[in-house]
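The primary structure of each chain is shown beneath.
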Amino acid sequence: MTRPVKSTTTPAFYLQAVISFGLSVAAMVIGIAYLPVTTWVRSFMGIGLLYVVTSTFTLAKCVRDRTEEAAVVNRVDQARLDKLLAEHDPFRND
């Protein structure tokens, strides 16, 4: 049975993702703060930004969970196949 290669996120990539996320949210907050509109419109845009950020985290979690679930199912199927092949004796006469 072959072991799948475990992919790990490097610290540099993780740091880049965190910085990128922080900069994008900060830029949107600054952009919304300096919009030449009323406070109500600015508040609506801020709530919209908050909704987009939280739904993005939820989507990322769902995609991660589905990927992990598929990996577990594949490992279980591979284990069943390995067991069947180990128990099979082509020279046995029944």
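This text follows the structure it describes.
Fair warning: this is a prediction, and the values are worked out from it, not measured in the lab. (Residues numbered from 1 in each chain as written. Predicted model: local features only at pLDDT ≥ 70, side-chain atom pairs only at ≥ 80, totals over all residues. Heavy atoms only, no water.)

## As for the overall build of the protein chain
Of regular secondary structure, the protein chain possesses two helices and zero strands. Relative to the 2.2 N^0.38 estimate, which gives 12 Å for 94 residues, the radius of gyration of the protein chain is 25 Å and therefore markedly larger than a compact globule would have. Over its C-alpha atoms, taken along the principal directions, the protein chain stretches across nearly 85 × 30 × 10 Å. Relative to its full complement of 94 residues, the protein chain shows a buried share of 3%. Treating the 10 positive side-chain charges of the protein chain as one cloud and the 8 negative ones as another, the clouds have centres 13 Å apart. (Helix = DSSP H or I, 4+ residues; strand = E, 2+ residues; numbered from the N terminus. Rg over C-alpha atoms; globule rule 2.2 N^0.38 Å. Buried < 20%, exposed > 50% of the residue type's maximum accessible area, 1.4 Å probe, protein only. Lys, Arg positive; Asp, Glu negative; His and termini not counted. Charge placed at Lys NZ, Arg CZ, Asp CG, Glu CD.)

## Observations concerning a nonpolar patch on the surface
On the surface, a cluster of nonpolar side chains totalling about 350 Å² of accessible area is made up of V37, V41, F44 and M45. Along the chain, the position of V41 falls in helix α2 (residues 39-87). V41 sits in the partly exposed class, given a relative accessible area of 37%. (Patch = residues over 30% accessible without salt bridge, like charges linked within 9 Å, V, L, I, M, F, W, Y side chains within 5 Å. Areas by Shrake-Rupley, 256 points an atom, 1.4 Å probe, with all protein chains shown as cover. Salt bridge = Lys/Arg side-chain N within 4 Å of Asp/Glu carboxyl O.)

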